[in-house]
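Next come the chains, spelled out residue by residue.
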Amino acid sequence: MSKLTWFAPGHPAQIVIGFVIWSIWFIAMYGGLSVACQLAPPEVEKGAFTWLNGGLIAFTLLVFALLLFLAWRSGRYCASKHKESDDAVGFERFVGYVSTVLYLIAAVATLAGGLPVLVLSPCS
Amino acid sequence: MSDAKPASSQSEAVSHLARVWGNLPGWGSLAAVNHGTIGLRFMVTGMVFFLVGGVLAMLLRTQLALPEQNIVSAETYGQLFTMHGSVMMFLFAIPVLEGLAIYLIPKMIGARDLVFPRISSLGYYCYLFGGIIIMSSLLLGIAPDSGWFMYTPLSSSEFSPGPGSDFWLLGITFVEISAMAAGIELTVSILCSRAKGMTLSRMPLFCWYILVMALMIVFGFPPLILASILLELERAAGMPFFTVAAGGDPLLWQHLFWLFGHPEVYIIFLPAAGIVSTLIPVFSGRPIVGYRWIVIAVILTGFISFGLWVHHMFTVGIPQLAQAFFSVASMLVAIPTAIQVFAWLATLWRGKVDFQLPMLWVSGFLVIFVCGGLTGVMLALVPFNWQVHDTHFVVAHMHYVLVGGMFFPLIAGLYYWLPLASGRMPSPVIGRWGFWLTFGGFNLTFLLMHLTGLLGMPRRVYTYEAGLGWDSLNLLSSIGSFVMAIGIGLVLLDLLLHFWFGQRASANPWKADTLEWTLDMPPAQYNFASLPTVSSRHPLWDDPQLAERIAAGQEGLTEANSGLRETYGTSAISAQRERLFHLPGNSWLPLYSAMTLAVVCISLLSRWYILALLVVVLTIGLLLRWSWENGGHPSAAPLQPSDPGQRVPVQKEPVQKGSVQKGPVQKGTGHELPLESRTLDGPGRWGMIVTMLANGALYMSLLFGWFYLWTAAPQWSAPDNGPLPLWLLLLCGVPASIALWLFHRLCQRLAVGDALQLQRQLWLSAGFGLLHFLMLLVLFMMAPLDYTKSAHDAVLMVILLYLLGHAGLATVLTAMQALRVARGYVSASLPYEPQVIKPLWFYYLAVYWISVALFFMLPLGWGTT
Amino acid sequence: MIWSCGLLLSQTGCTGPYSALDPQGPAASEVALLWWGMFGFATLVLLAVVVLWHYAIKRRAEHVPATGTSRWIIWGGLALPTVSIIVLLIVGVPVGHRMMPLPDESALQIQVTGHQWYWQVAYPEHGLQMIDELHIPINTPVHLHLTSADVIHSFWVPRLGVKLDMLPGRTNVLRLEASAAGVYRGQCAEYCGLGHAHMQFTVTAHDEPAFANWLNEHNTTEQERHEPDLLKPDVHEPAAHEATLDE
Ligand code: HEM
Ligand SMILES: [Cu+2]
Ligand SMILES: [Cu+2]
């Protein structure tokens, strides 16, 4: 159990990594938006069709894809532990399950948070 | 674990344990550090503050009962609502829940105490003294009056020249020490001292909730501490962080405050929800449905609640996209809440419910909290928020979530755990009366208040015109609040009386599943006569003999070896026993330190800065003395003949962090394991790491402030050339880096048992640290910082002071290590302490270089925009 | 409680000079609609949860062993909030969007500066100044340029629209519109010190000819002559105001 490294599926750190990535995404989105609006605000008339919105949505999709991949990886691991039932495996399954769901929710939360970028103009 | 022992030797062992773990008699109990004692003190003190806050609330409601009343003046009303909010949030809600956690966690995870008992005590005294200082302002009639979130510029020296704001800023920061202490201590305790076999997936849900709460405190409180320091610096020293004309911005205060403030409401809610998740399975007589989903929900809440703070600022004029962003995140929080509600429902559905008094309060919680959650989702919708923000609708919402989400579960929890603490059962009759009065009164008061708000009554008005449609609503609200007050009075009376008149409780009266119910009622100071091993999520349900085995001393660590307080240290992931933690006993140092801190606080309030400085030095002296009495110190756990004099000749590669090293062996008592000071890892090291996380959060908040002012302050201006020559900063970093490198190297050598020239190496490292400190000091003195005229310079001043403080601390601690080597408290056999200090050095160096890059280099590249 | 609330509603009605539930402008109307929708839905959810809770406690279940993820969690814990949030956002975000003060030629521009404890109102296009009262034409969007001379205040006319904070050093723009003539009351919504409870103002909405009349009258009588002593000397930076008006 202790031989797993933190990025291997089944390590307890996996439980939080999904939302750590989400947090970084959140800070980057909010920070990037504020800084960009300060330095080079796109015109209000353009609405949501600006380079800034484009960048933000691309970034969001990238993070979304990454989180989905991690969820898939973790879910596969969890499924592989299904059959056995000794103690240590029970723990690993727990970690696998919890981290899979949290990755998935982080992915959805990322997408949901990014969607307003499609309809709102960035700096007004 | 040993075989059954004859009864006499067991009772001997138990009385020895009682002697070792007992508090001192009489006044000596002020030196108590035991978590049971401290937890109860926290809770009792918290309830007293609750009464004070409640009386203030009654005054508010009396004034508002009828239109155009003049029972209190506008001025007094300002003090009343500010104090009501602040007392309820900072002196009641958080401390009471911390107290509950401090009291329960070791009992639930099968340990004898928390891992930093003296810190528990320090936290309590900081809370008590801070609370008293804050309350004294009310008695003197100079209480803070800008609202519990202290928006500046209203709270600034220009618009609040009196000492009210200072009382808030200094007093609350002082109280905050106790929250930080509890956060760090609970995190480390839950991670490192659980019963053998209690893996993360077997931990009682309450512990998950507290773990997440504790980590939220660690990350959530630093922004407020920073904000308070900055505002106090603005008020006292004229550093214009929040003054527009000098390049500051009042909105920065709001960001920092709510960056703390929103997580804070979840810090309050999570332990309360933890109580609910503990009680529902017990009274349903079955395991909770969806344990894993609850864990998921709790973690989800912990993270998402840090991404919501702007929903308190929707009306300040933030760009729509940013608002939408926070609006979505705010609504997302409904998901973990819904998961929990439906997991509870499913548990009740599938169980046979024994509807006892605590369940009544849990049900009250459910009705009120769901309602508050629903209005919360409404408030997260930006256009609706724009309409009802800062009205009585928000006051109603907030009380639905705070009273419903915190007070009701708290009372449920108190009723549930009372038999444990007192050995007696509460009265069902008074209890029910109390509940229904509280519940009815609460809804009468606050349900109507939603409507009052929609009809346009703003919050924080001390009076209102007749005939605006608010009259009857306000009157009913006030009547309701008095009904509620009577109800709460009954409940508290019941809780109090039951200590004398309650029926004796039988063992495990609610048929619960968690370890605390194996204890004596009331529990002994050492909790467990022997420390249990756990092999399922519900030890008491799956292993009915466990309580007997524990009492009979058939589990682990039955004896207090050489009079030391000890508990098992287990690995965070696999919950295997790895070492023994030596826990310090009764000590006056926490009381003295808190007393000197209180003097610092008072002298800052009175603006006696010289005195403050002197006492700060005294406090640091006390704290260093405190850290001196650790590890191999004679008053702690000195080397024994049974310790291997020479360390076992060791392998070439460094010892693994988790691995076990041989220590003194005493068969049969559980002392096969080494004390942490004989190994490379222990709670102190984890405490340091978690502290550095909190410290990092503080630093990040400062960084946030810097970027924020830079991009958003209306009149930000930065000089063309940085005030400090860059090459000097780079040069200055060299000795610091060398000091770190030396320290790291000596730690590595120590880890493989090589203590050759240890003392010299430590001195050398401290020397380079000192060199760095002095260079930085000179740089600081030279820097032409116009810190009262420019927010830019003021921020640089703060960051330089921050760096100086850390450089000084790391140097002093390293020098102390050298001295301890000289005394023999640190050696090849006692290699632990340098490992504790190492994270500080790493943290400092990281922060130093990041600061040079972001505060000094980046602006040069960016230029002035 | 819900019934008692309903009872009270029918008694007191939702009217009142500050009532957000008695809207007279497009923004306030939309918010009031939002409220009734959300109120209805929330009541249903609350009732459903409470009824389920009650029944779950009363019912005598045969002991079912724990198995996997409960359907309760999937439907109640995940699906219910997710769907509600999506619906709410789809309805709510456009409402917020319509309230935005996008550049608008037809809008009347007014500057309002908050002071402890009064409102200083200026019509830059007409050279008018007044205290604690605004006059606007009906069915015409008005862009209010809000700022503060001292602490934070918040501008709020509940029957016409939403509130917006007034911050020192910044100018926020609020778009309001009245759909019927009348006198509407406004008040400060952000605690701003001792006078907060009395920091009120009125907005008089005139129909088109009456507003023109009013403008004419006041242009000729030279407001400034009898008002300036009320204005604090530190009322400042007309430059800043103009700059924001241009954008
Ligand atoms: C015991 C029954 C309580 C009553 C009757 C009550 C009453 C009130 C009233 C009338 C106000 C509004 C003052 C105003 O805006 O003019 C208020 C504000 C507040 N209450 Fe309570 N309260 C009670 C309990 C609590 C509890 C238990 C908490 C927290 C755990 C709490 C936290 C707050 C906060 C944070 C504020 C905002 C203060 C501010 O505006 O600065 N209250 N309360
Ligand atoms: Cu919040
Ligand atoms: Cu005000």
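Residues numbered from 1 in each chain as written. Chains lettered and ligands numbered in written order. Predicted model: local features only at pLDDT ≥ 70, side-chain atom pairs only at ≥ 80, totals over all residues. Heavy atoms only, no water.

Participant: When you look at the overall build of chain A in this model, what are you seeing that I'm missing?
Facilitator: Of the regular secondary structure elements, chain A holds three helices and zero strands. When the helices and strands of chain A are read in sequence order from the N terminus, they spell out α-α-α. Compactness check: chain A gives a C-alpha radius of gyration of 18 Å against a globular reference of 14 Å for 124 residues, more than 25% above the reference. The principal-axis extents of the C-alpha atoms in chain A amount to approximately 65 × 20 × 15 Å. Here the contacts in chain A between residues at least 6 apart in sequence split such that 76% fall between residues at least 24 apart. (Helix = DSSP H or I, 4+ residues; strand = E, 2+ residues; numbered from the N terminus. Rg over C-alpha atoms; globule rule 2.2 N^0.38 Å. Contact = heavy atoms within 4.5 Å.)

Participant: Quick question: what am I supposed to make of the environment of A329 of chain B here?
Facilitator: Tracing the sequence through the fold places A329 of chain B in helix α9 (residues 320–332). On the accessibility criterion, A329 of chain B (2% relative accessible area) is buried. As for A329 of chain B and F306 of chain B, which are separated by 23 residues in sequence, their C-alpha atoms are 9.5 Å apart. When sequence neighbours within four positions are dropped, the list of residues in contact with A329 of chain B reads F26 of chain A together with I304, G307 and L308 of chain B. (Buried < 20%, exposed > 50% of the residue type's maximum accessible area, 1.4 Å probe, protein only.)

Participant: Help me out: how do you make sense of the interface of chain A and chain C in this one?
Facilitator: Where the parts come together, the accessible area they lose is often given as the size of the interface. At the interface, six residues of chain A touch five residues of chain C. With both chains or domains summed, chain A and chain C bury close to 410 Å², and 67% of this area falls on carbon and sulfur atoms. Joining chain A to chain C, the criterion identifies zero salt bridges. Taken together, the links from chain A to chain C amount to zero residue pairs in polar contact (both at pLDDT 80 or more). Per-class residue counts for the side of chain A that touches chain C are four nonpolar, one polar and one charged. (Buried area = accessible area lost by both parts, 1.4 Å probe. Salt bridge = Lys/Arg side-chain N within 4 Å of Asp/Glu carboxyl O. Polar contact = N/O pair within 3.5 Å; in protein donor to acceptor, adjacent residues only side chain to side chain. Nonpolar A, V, L, I, M, F, W, Y, C, P; charged D, E, K, R; others polar.)

Participant: What's the story with the sheet that holds strand β10 (residues 200–206) of chain C in this structure? I'm lost.
Facilitator: Strands pair in a sheet through their backbones, by hydrogen bonds, and they do so in one of two ways: parallel or antiparallel. All names here are of chain C. The five strands are arranged β4-β10-β9-β6-β7 in an open sheet whose pairing can be described as mixed. What marks the edges here is a single partner per strand, and that holds for β4 (133–137) and β7 (164–166). Strand-to-strand twist across the sheet, computed as the mean angle between neighbouring axes with direction ignored, equals 25 degrees. Alignment of β4 against β10, held across five bridges, turns out to be parallel. Note that in β10 the partner of H135 across the bridge is T204. (Pairing = 2+ DSSP bridges. Axes fitted to C-alpha atoms, helices over the stretch in contact; angles between N-to-C directions.)

Participant: It is not clear to me how the sheet that holds strand β1 (residues 108–115) of chain C should be interpreted in this structure. Could you clarify?
Facilitator: All names here are of chain C. Read across the sheet, five strands follow the order β3-β2-β1-β5-β8 without closing on themselves; strand pairing throughout is mixed. Each having just a single partner strand, β3 (128–131) and β8 (172–176) make up the two edges of the open sheet. Geometrically, the sheet is characterised by an average inter-axis angle of 25 degrees between neighbouring strands, direction not taken into account. The pairing of strand β5 (residues 142–148) with β8 spans five bridges and is antiparallel. Residue pairing in the sheet places L146 in a bridge with N172 of β8.

Participant: Help me understand the pattern of salt bridges, please; the structure alone is not making it clear to me.
Facilitator: Pairing between side chains of opposite charge can happen when their charged atoms approach one another. Residue and element names in this part refer to chain B. Applying the stated criterion across every chain, the model contains 14 salt bridges over all chains. For the salt bridge of E833 with R820, the shortest nitrogen-to-oxygen distance reads 2.6 Å. Pair noted here: E833 is in helix α24 (residues 833–862) and R820 is in helix α23 (residues 791–823), with a separation of 13 residues, a long-range link. For E833, a relative accessible area of 12% translates into the label buried.

Participant: Explain the nonpolar core here, please?
Facilitator: In a soluble, globular protein the nonpolar side chains are often hidden away together inside. Ranked by size, the top nonpolar core spans 415 residues in total, and within it W344 of chain B together with F155 of chain C carry the most contacts. If you tally residues by element for this core, the top one is helix α3 (residues 74–109) of chain B, at 23 residues. (Core = buried A, V, L, I, M, F, W, Y, C linked by side-chain atoms within 4.5 Å.)

Participant: Is there a simple way to think about the coordination of the iron atom of ligand 1 in this case?
Facilitator: Six octahedral donors around a metal ideally sit at 90 or 180 degrees from one another, while four tetrahedral donors ideally sit at 109.5 degrees. Residue and element names in this part refer to chain B. Taken together, the protein ligands of the iron atom of ligand 1 are H84 (NE2) and H399 (NE2), with distances of 1.9 to 2.0 Å. Seen from the iron atom of ligand 1, its six donor atoms lie at angles of 88 to 180 degrees, and the figure they make is octahedral. Of this pair, H84 sits in helix α3 while H399 is found in helix α13 (residues 392–422), placing the two residues 315 residues apart along the sequence. With a relative accessible area of 14%, H84 lands in the buried category. (Donors = N, O, S within 2.8 Å, 3.2 Å for Na, K, Ca; no water. Tetrahedral: all angles 85-135°; square planar, octahedral: opposite > 155°, others 65-115°.)

Participant: Help me understand the state of the cysteines, please; the structure alone is not making it clear to me.
Facilitator: In protein structure, a disulfide is the covalent linkage between the sulfur atoms of two cysteines. Per the counting criterion, the structure on display carries one disulfide over all chains. Between C37 of chain A and C123 of chain A runs a disulfide, and the two sulfur atoms are separated by 1.9 Å. The S-S bond linking C37 of chain A to C123 of chain A shows a torsion near -85 degrees; that makes this disulfide left-handed. Here C123 of chain A lies in the segment after α3 (87–114) and C37 of chain A lies in helix α1 (residues 14–39), a separation of 86 residues in the sequence. By relative accessible area, which is 16% here, C37 of chain A ends up buried. Classification of C123 of chain A by relative accessible area gives partly exposed; the value is 23%. No disulfide involves C192 of chain B; its sulfur sits 14 Å from that of C207 of chain B, the nearest cysteine. Residue class for C192 of chain B comes out buried when judged on its relative accessible area of 6%. Between C601 of chain B, a free cysteine, and C126 of chain B, which holds the nearest cysteine sulfur, the sulfur-to-sulfur gap is 9.8 Å. (Disulfide = S-S within 2.5 Å.)

Participant: Teacher, can you tell me more about the side chain of D249 of chain B here?
Facilitator: On the secondary structure map, D249 of chain B appears in the loop between α6 (205–237) and α7 (250–284). Here the side chain of D249 of chain B touches L251 of chain B through a polar contact of 3.0 Å, landing on its backbone nitrogen. In this structure, D249 of chain B is in contact with F241, F242, T243, Y708, L709, A712, A713 and P714 of chain B together with R170 of chain C, ignoring residues within four places of it in sequence.

Participant: When you look at the pairing of β1 of chain C in this model, what are you seeing that I'm missing?
Facilitator: On any regular strand, side chains alternate: one points to one face of the sheet, the next to the other face. Residue and element names in this part refer to chain C. Within β1, eight of the eight residues are buried, which leaves it mostly tucked inside the rest of the structure. Of the two faces of β1, the one lined by L108, I110, V112 and G114 and the one lined by Q109, Q111, T113 and H115 are each fully buried. Relative to β5, β1 is paired through seven bridges, and the arrangement is parallel. When the sheet's bridge partners are listed, L108 is paired in β5 with V142. Pairing of β1 with strand β2 (residues 118–123) involves five bridges; the strand directions are antiparallel.

Participant: Quick question: what am I supposed to make of the coordination of the copper ion (ligand 3) here?
Facilitator: Residue and element names in this part refer to chain C. Coordination sphere of the copper ion (ligand 3), protein contribution only: C188 (SG), E190 (O), C192 (SG) and H196 (ND1), at 2.2 to 2.4 Å. One way to put it: the four donor atoms around the copper ion (ligand 3) meet at angles of 89 to 124 degrees, and that makes the site tetrahedral. Within one chain, the residues serving as donors to the copper ion (ligand 3) are arranged as C-x1-E-x1-C-x3-H. Note on accessibility: E190 and C192 belong to one class, buried.

Participant: It is not clear to me how the interface of chain B and chain C should be interpreted in this structure. Could you clarify?
Facilitator: With 92 residues of chain B at the contact, the number on the chain C side is 87 residues. For the chain B and chain C pair, buried surface summed over both sides reaches about 7600 Å², with 72% attributable to carbon and sulfur atoms. Among the residues chain B hides against chain C, the three largest losses belong to W349, R350 and Q387 of chain B. Together they make up 11% of the total. Connecting chain B to chain C are two salt bridges. Taking the shortest distance from any N to any O, the salt bridge between R185 of chain C and E465 of chain B comes out at 2.4 Å. Our count for the chain B to chain C interface comes out at 16 residue pairs in polar contact (both at pLDDT 80 or more). In terms of residues, the side of chain B that touches chain C owes the most to one element, helix α10 (residues 334–350) of chain B, which gives 13 residues. For the side of chain B that touches chain C, a count of residues per class yields 61 nonpolar, 21 polar and ten charged.

Participant: Could you clarify how one ought to interpret the domain arrangement of chain C in this entry?
Facilitator: Residue and element names in this part refer to chain C. Taken domain by domain, chain C consists of domain 1 (2–98) and domain 2 (108–236). On the side of domain 2, 15 residues touch domain 1, which itself brings 14 residues to the contact. Here domain 1 meets domain 2 over a buried area of about 1100 Å², counting both sides, of which 54% is carbon and sulfur. In terms of surface lost to domain 2, no three residues of domain 1 exceed P17, Y18 and Q24, which account for 57% of the buried area on that side. Note that D22 is salt-bridged to R159, the shortest N-O span being 3.2 Å. In this assembly, domain 1 and domain 2 are joined by five residue pairs in polar contact (both at pLDDT 80 or more). (Domains from an automatic or database assignment.)

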